[in-house]
Amino acid sequence: MLDFFTIFSKGGLVLWCFQGVSDSCTGPVNALIRSVLLQERGGNNSFTHEALTLKYKLDNQFELVFVVGFQKILTLTYVDKLIDDVHRLFRDKYRTEIQQQSALSLLNGTFDFQNDFLRLLREAEESSKIRAPTTMKKFEDSEKSKKPVRSMIETRGEKTKEKTKNNKKKGAKKEGSDGPLATSKTAPAEKSGLPVGPENGELSKEELIRRKREEFIQKHGKGLDKSSKSTKSDTPKEKGKKAPRVWELGGCANKEVLDYSAPTTNGTPEAALSEDINLIRGTGPGGQLQDLDCSSSDDEGATQNTKPSATKGALGGMFGMLKGLVGSKSLSREDMESVLDKMRDHLIAKNVAADIAVQLCESVANKLEGKVMGTFSTVTSTVKQALQESLVQILQPQRRVDMLRDIMDAQRRQRPYVVTFCGVNGVGKSTNLAKISFWLLENGFSVLIAACDTFRAGAVEQLRTHTRRLTALHPPEKHGGRTMVQLFEKGYGKDAAGIAMEAIAFARNQGFDVVLVDTAGRMQDNAPLMTALAKLITVNTPDLVLFVGEALVGNEAVDQLVKFNRALADHSMAQTPRLIDGIVLTKFDTIDDKVGAAISMTYITSKPIVFVGTGQTYCDLRSLNAKAVVAALMKA
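Residues numbered from 1 in each chain as written. Predicted model: local features only at pLDDT ≥ 70, side-chain atom pairs only at ≥ 80, totals over all residues. Heavy atoms only, no water.

As annotated in an unreviewed UniProt entry, the chain carries the name Signal recognition particle receptor subunit alpha and is attributed to Cricetulus griseus. Quoted verbatim from the Subunit (unreviewed entry) field of the UniProt record, the comment on the chain reads "Heterodimer with SRPRB. Interacts with the signal recognition particle (SRP) complex subunit SRP54." Quoted verbatim from the Sequence similarities (unreviewed entry) heading of the UniProt record, the comment on the chain is "Belongs to the GTP-binding SRP family." (UniProt positions renumbered as here; feature names shortened; annotations may be inferred.)

And the structure:
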């Protein structure tokens, strides 16, 4: 039974609606428009909203959308056929009213489609019932029933007979293969005039084995004797005590103390090392995030090389452009198939996950199918432009994270703004946490770093080094004696959720603006560590949960994000679990133009990429420029 069936234009005008139940269809249809149609995620023609399954079809020629909704626990096999039939009949019946393309005519028009829809629904339901149910195959229809009973009976003697037959065949093959060897080896005996065997015939099997053994001993016996002599001569001598090695520069290996770091105790500050602050800081404005630049030096050379060719063959280029023009005709799947295949392979080569590349091309096909093209436009240019628009829309998701505005809002409420970093091992969580700390310090906010990675050796020391360097860049003297950055640590082997709670309480008492919580790296399949992360997020309720992922991964990015969100939802004790709010994409300077991981991560989560790491210094932090990423992605 259908809950509803509605037909509306892409401009938002409802042309006709059928209500099977009393509940309104406004909420599910608005969710479909907001989450699928506006976000360019039309690769799959079904959408799930709470207890309903929505299936839809786009008519790009007349800019119409057909949506049917039913309970997701039902398996209605006739829904796809019903949508196709309704789409065909409605378009043919009201073609003149729709082609006027004016909102007033659509509003004033009367679409009396109730009786036709009920007739199509009745036919679709009856056609699904007419199908004969699949019956189980009888024993008489199977191949086993055609075999005689005698062939299925096995006796003990048959197996032994078969084994003896096989052994005889194998022995005959071996004797046949040993024939030329035996004749070649018996040749010297024949030359010497000795009898070869019984009645001067071939050697018996035992004599062959004995003669081969004698020849083997004659060939390899000398080598064995030599090896035995060498082993006797190389008897181990008595080992004396190893003398300490003396190095050329005066060093010696028997030093008692190899730790040359200055001894420190709790409460005494570490000695400041002589480091070049400018090298640590990097170049560029630290307080303002620059847009990501995806252009490379190869692009500049390519543009310089293409200028003379463009001026040289202007006439040829004009005639080349006129080839493959498609006039004013509507696009079909067959027209776009070859172009979409090339686009899909191009996206996969640019590091986009394979499943997402397929869904993107399917979404573009659904968007363009039936659309009337212009006179001077080719299929390739139309598909490429539609794909570019879809990619830009994907990289600009529903929610935009503005940390500076949110921090100011938290300041007015007199509480710290808490950010939690999570991700797999080795993606650069601590390094990018230090970069974000520097960016916040440049904007005048005080930062408390909570060392909640109590598992990895050296994690606390790494944050301690970053804190020392950030303090050197922003000493208290420049801020009226106020400590701008501080590390909150409790050592190793402690509960991370408890340390984060104490750090937030400490920041509230000391007046820190931001708390950055560093967590241990964990694989998405590690259930105990994912439970600990879900506990940390549930107990402390951070304002922002950032997933740190590297730009080098392809299909693995999808697996990581899906399983992280699923694990956070499964292991959370809250009724509405807290999931990932944003993404930090690291190591972006190592991938050239293979920027597909950004598309994969944003598409699978619908969350924005808040920061992009492009280097090792504190200034190597960028904001995502969607158009630049799409341009690099579409570059041949």
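From this point, the discussion proceeds with the structure in view.
## Re the overall build of the chain
The number of helices and strands found in the chain is 21 helices and 14 strands. Every one of the 636 residues in the chain was classed for burial, and the buried ones make up 39%. Partitioning the contacts of the chain with sequence separation of at least 6, the portion at a separation of at least 24 is 75%. Of the roughly 38100 Å² that the chain leaves accessible, carbon and sulfur atoms contribute 53%. (Helix = DSSP H or I, 4+ residues; strand = E, 2+ residues; numbered from the N terminus. Buried < 20%, exposed > 50% of the residue type's maximum accessible area, 1.4 Å probe, protein only. Contact = heavy atoms within 4.5 Å. Areas by Shrake-Rupley, 256 points an atom, 1.4 Å probe, with all protein chains shown as cover.)

## As for a nonpolar patch on the surface
There is a patch of nonpolar side chains on the surface, built from Met-501, Val-539 and Met-573 and spanning about 310 Å² of accessible area. Tracing the sequence through the fold places Met-573 in the loop between α19 (555–571) and β12 (582–586). (Patch = residues over 30% accessible without salt bridge, like charges linked within 9 Å, V, L, I, M, F, W, Y side chains within 5 Å. Salt bridge = Lys/Arg side-chain N within 4 Å of Asp/Glu carboxyl O.)

## A closer look at the packing of helix α11 (residues 333–349) against helix α13 (residues 379–394)
Orientation of α11 relative to α13, taken along the N-to-C sense of each, is 50°, at an axis distance of 10 Å. Taken together, α11 and α13 sit at an angle that is classed as oblique. Considering how the two elements wind past one another, α11 and α13 form a crossing that is right-handed. Taking contact as the criterion, the partners of Asp-335, Met-336, Val-339, Leu-340, Met-343 and Leu-347 in α11 are, on α13, Val-379, Thr-380, Val-383, Lys-384 and Leu-387. Each residue belonging to the contact of α11 with α13 can be placed in one class, and the counts come to 8 nonpolar, 1 polar and 2 charged. (Axes fitted to C-alpha atoms, helices over the stretch in contact; angles between N-to-C directions. Parallel < 35°, antiparallel > 145°, perpendicular 65-115°, else oblique. Left-handed = near helix turned anticlockwise from the far one by under 90°. Nonpolar A, V, L, I, M, F, W, Y, C, P; charged D, E, K, R; others polar.)

## A word on the sheet that holds strand β4 (residues 52–59)
Strands sit in the order β2-β1-β5-β4-β3 across an open sheet of 5 strands; the sheet is antiparallel. Of all strands in the sheet, those with a lone pairing partner are β2 (14–19) and β3 (46–49), marking the two edges. Going from strand to strand, the sheet's axes swing by 20° on average, the running direction of each strand aside. Examined bridge by bridge, β3 and β4 share 4 bridges and lie antiparallel to one another. Residue pairing for β4: Thr-48 is matched across the bridge by Thr-53. The strands touched by helix α1 (residues 26–37) within the sheet are β1 (4–9), β3, β4 and β5 (64–71), with β4 carrying the most contacts at an inclination of about 60°. (Pairing = 2+ DSSP bridges.)

## Remarks on the packing of aromatic side chains
The tally for this structure, following the rule as stated, stands at 14 aromatic pairs. Plain terms: the ring middles of Phe-90 and Phe-113 are 5.2 Å apart, the flat faces sit at 90° to each other, and that makes the pair edge-to-face. Taken together, the residues span a long stretch of sequence, with Phe-90 in helix α2 (residues 79–93) and Phe-113 in the loop between α4 (103–108) and α5 (114–130) at a distance of 23 residues. Taken as a pair, Phe-90 and Phe-113 share a single burial class, namely buried. Ring pairing ties together the aromatic residues Phe-5, Trp-16, Phe-18, Phe-66, Phe-90, Tyr-94, Phe-113 and Phe-117, which thus form one cluster. (Phe/Tyr/Trp six-rings, centres within 6.5 Å; stacked < 30°, edge-to-face > 60°.)

## So, the pairing of β1
The element β1 is extensively covered by neighbouring structure, given that 6 of its 6 residues are classed as buried. Of the two faces of β1, the one holding Phe-4, Thr-6 and Phe-8 and the one holding Phe-5, Ile-7 and Ser-9 are both buried throughout. The pairing of β1 with β2 spans 5 bridges and is classified as antiparallel. Residue Phe-8 lies in a different strand from β2, and its bridge partner there is Val-14. The loop that links β1 with its antiparallel partner β2 comprises 4 residues; one of these, Gly-12, has a positive phi angle of about 105°. Bridge count between β1 and β5: 6 bridges; the pairing is antiparallel. When the sheet's bridge partners are listed, Ser-9 is paired in β5 with Leu-64.

## Things to note about the layout of surface pockets
Estimates place the volume of the second largest pocket at around 590 Å³. In terms of lining residues, the second largest pocket is bounded by 22 residues, among which Arg-400, Val-401, Val-610, Ser-623 and Leu-624 are the most central. Of the residues forming the lining of the second largest pocket, the biggest block, 3 residues, is contributed by strand β13 (residues 609–613). For the lining of the second largest pocket, the class distribution of residues is 13 nonpolar, 4 polar and 5 charged. (1 Å grid on protein atoms, 1.4 Å probe; cavity = no way out; pocket = protein on both sides within 12 Å on 5 of 7 lines; lining within 4 Å. Points joined across faces, edges and corners; volume = space filled by probe spheres on them.)

## Some remarks on helix α17 (residues 496–510)
With 15 residues, α17 extends 21 Å from end C-alpha to end C-alpha; this agrees with the ideal 21 Å at 1.5 Å per step. Elements in contact with the buried residues of α17: β7 (417–423), β8 (447–451), β9 (485–488), β10 (514–518) and α18 (527–540). Gly-511 sits one or two positions beyond α17 and adopts a positive phi of about 80°. (Expected span 1.5 Å × (residues − 1).)

## Description of the environment of Leu-2
Structurally, the position occupied by Leu-2 is in the segment before β1. According to the relative accessible area criterion, Leu-2 is buried, its value standing at 4%. A C-alpha to C-alpha distance of 9.2 Å links Leu-2 and Phe-18, two positions 16 residues apart in sequence.

## Focus on the packing of helix α12 (residues 354–368) against helix α20 (residues 596–605)
α20 packs onto α12 with a crossing angle of 75° between their chain directions and a minimal axis gap of 10 Å. Between α12 and α20, the angle falls in the class roughly perpendicular. Between α12 and α20, the residues in contact are Ile-356, Gln-359 and Leu-360 and Ile-599, Ser-600 and Tyr-603, respectively. Split by residue class, the contact of α12 with α20 holds 4 nonpolar, 2 polar and no charged.

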